[in-house]
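# Architecture and fold: a report
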Amino acid sequence: METLTIVNGDIYTPTHYGHGSIVIQNDKISTLTSETLQPSGETINASGCLVIPGLIDGLVHGGGGYGTMTGDVEDVAAIARAHARSGVTSLVLGISSGSMAQINSALTAIAHVVDEPVTDGSRILGSYVEGKFGSLTKNGAQNAKYITPPNFEEFHAMWAASDGTLKVISVAPENDEDLQFIKHLATFRTDAYNNIVIAMGHTNATYQQAMDAIDAGVTRATHTYNGMSGMHHRTLGALEAVFSHPDIHAELIVDEHHVHPFWGNSLIQQKGIHTVGLITDCTELAGVPAEDWQTAATYVPELDAYRLNEDAISDHDTAFEANSTEKYVRDGAMWLDVGKPTERLAGATITLMDGIRNVINWGYSLEDTLTMATLTPAENLGVADSVGSIAPGKTANLVIVDENLSVQTVILGGKLLKK
């Protein structure tokens, strides 16, 4: 039996445990103690550092220069490796609207890496079909050409392509007649659909339609605020349903571009740290140093933005048609069609550790912020029995960081990640 012991670390489980030691045997945590140990096997001295659970990013569209929609297994593996280096040990990979051939190819590639994880990469919890069943009036960066109402024909094709690894399906409930689709998935999610999570997103639903959808089985809100009706002093929409209903998990993009800190803070204060999950909704640029992608991009002075050349970096989303949509990076986020009437925000460029620093700067404690980036998403995704916190019996996904939250060491399934 392989044994790895971490000693002298300041441990967050994510609540603050204090100084102590963690013993890992094979891929599991066997001991968490504040007592002094005589370690056997390999030892890591975490003196002066914090030991935290591996982060969980519940919606990403790429990383390390690669996107999720290419249908290439190696691209998926590269995304997993890029996020692991930043302390994210569990991922859900987003699928944008596209042709069924594109979507199913991407789902199949992701399923391959779910079933055969890369040794030096984040564990992929499954895929997240985000835009296919959204609203045409709230499509955002999703390609409207391929958006359809929720339907069983396309869903079952996607389910088969994913080999049962489709983890989250997002729908616009106003397009689900009598909520038949949502109710069916909710009824059979355990027996037939591997505990799939039903989300509400890219939606123009009224407040009552959204509340009814949550009561019917929706448990997650896709990137709250973005692509979502509401925030009007007389007319309520899906956003207000997310705020008011206690049974829905609210994703929150924390790059400070998609959601202003004022509104991010408002969501957390209203719902609490156990129903808000921090995400990045990041593109392929996450984890790529600016000096690397900028050399392969064109700076456009009049727009104060960098246009990403087609051959500069792997597509964030092949559903964005290259001949009609241009991708830019401006002020730390990815945009489409900058300077045109169709200009819109497309995704973040940060990693989740960057987002954690942002939320701490809003005034939240490290343990509250970590809770929203580890245990809370694990519970909504149904994986809290194995990941999301540091406790005996759980998978040994741990990150050792310095006081500035710079990653020093990543442990994936009990094994040291080699830099």
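## A few points about the packing of aromatic side chains
As enumerated under the stated definition, the model contains 11 aromatic pairs in all. Here the aromatic rings of Phe155 and Tyr193 are separated by 5.4 Å at their centres, their planes lie at 75 degrees, and the arrangement is edge-to-face. Pair noted here: Phe155 is in helix α3 (residues 152–161) and Tyr193 is in the loop between α4 (180–188) and β12 (197–200), with a separation of 38 residues, a long-range link. Owing to a relative accessible area of 0%, Phe155 belongs among the buried residues under this scheme. On the basis of relative accessible area, Tyr193 is assigned to the buried category, the value being 5%. With a centroid separation of 6.3 Å and 55 degrees between ring planes, the pair formed by Tyr225 and Trp263 is classed as tilted. With Tyr225 in the loop between β13 (220–221) and α6 (238–244) and Trp263 in helix α7 (residues 261–271), this pair connects stretches of sequence that are 38 residues apart. A relative accessible area of 13% places Tyr225 in the buried class. An aromatic cluster of three or more residues is present, and its members are Phe133, Phe152, Phe155, Trp159, Phe181 and Tyr193. Over the aromatic face of Trp335 sits the side chain of Arg330, whose NZ or CZ is 4.3 Å from the ring centroid.

## Notes on the pairing of strand β16 (residues 297–300)
With four bridges connecting them, β16 and strand β17 (residues 305–308) associate as antiparallel partners. Counted as the bridge partner of Thr298 is Arg307 from β17. Connecting β16 to the next strand, β17, in antiparallel fashion are four residues, including Asp304 with a positive phi near 50 degrees.

## Focus on unusual backbone geometry
The phi dihedral of Asp163 is positive, around 55 degrees, even though this residue is not glycine. Tracing the sequence through the fold places Asp163 in the loop between α3 and β11 (166–171). Look at Asp163 and you get exposed, because its relative accessible area is 56%. Although it is not a glycine, Asp178 sits at a positive phi angle of roughly 55 degrees. Within the secondary structure layout, Asp178 lies in the loop between β11 and α4.

## What about the side chain of Ser122?
Structurally, the position occupied by Ser122 is in the loop between α2 (100–115) and β10 (123–133). Residue Ser122 is classed as buried on the basis of its relative accessible area, which comes to 1%. At 2.4 Å, the side chain of Ser122 and the backbone oxygen of Val88 are in polar contact. Beyond its immediate chain neighbours, meaning those up to four positions away, Ser122 contacts Ala80, Arg81, His83, Ala84, Val88, Thr89, Ser90, Leu91 and Leu412.

## Quick word on helix α5 (residues 207–216)
Of the positions making up α5, those classed as buried are Ala210, Met211, Ala213, Ile214 and Ala216. Where α5 is buried, its residues contact α4, β12 and α6. Gly217 sits one or two positions beyond α5 and adopts a positive phi of about 145 degrees.

## Focus on the sheet that holds strand β9 (residues 88–95)
Two modes of strand pairing occur in sheets, parallel and antiparallel, and in both the strands are linked by backbone hydrogen bonds. Ordered in space as β6-β9-β10-β11-β12-β13-β14-β15, the eight strands form an open sheet in which the pairing is parallel. Two strands close off the open sheet at either side, each with one partner strand: β6 (55–60) and β15 (276–279). Strand direction decides the pairing type here: strand β14 (residues 249–253) and β15, joined by four bridges, are parallel. Counted as the bridge partner of Ile253 is Ile279 from β15. Sheet strands touched by helix α10 (residues 366–373): β6 and β15. Its angle to β15, the strand with the most contacts, is close to 80 degrees.

## A closer look at the confidence of the model for the protein
Scored by pLDDT, the protein has a mean of 94; 96% of the residues are at 70 or more. Residue range residues 312–323 is modelled with pLDDT below 50. Its contacts to residues more than four positions away, or to other chains, number 40 contacts.

Reading the values: rules and limits
Residues numbered from 1 in each chain as written. Predicted model: local features only at pLDDT ≥ 70, side-chain atom pairs only at ≥ 80, totals over all residues. Heavy atoms only, no water. Phe/Tyr/Trp six-rings, centres within 6.5 Å; stacked < 30°, edge-to-face > 60°. Helix = DSSP H or I, 4+ residues; strand = E, 2+ residues; numbered from the N terminus. Buried < 20%, exposed > 50% of the residue type's maximum accessible area, 1.4 Å probe, protein only. Lys NZ or Arg CZ within 6 Å of the ring centre and 35° of its normal. Pairing = 2+ DSSP bridges. Polar contact = N/O pair within 3.5 Å; in protein donor to acceptor, adjacent residues only side chain to side chain. Contact = heavy atoms within 4.5 Å. Axes fitted to C-alpha atoms, helices over the stretch in contact; angles between N-to-C directions. pLDDT = per-residue confidence, 0-100.

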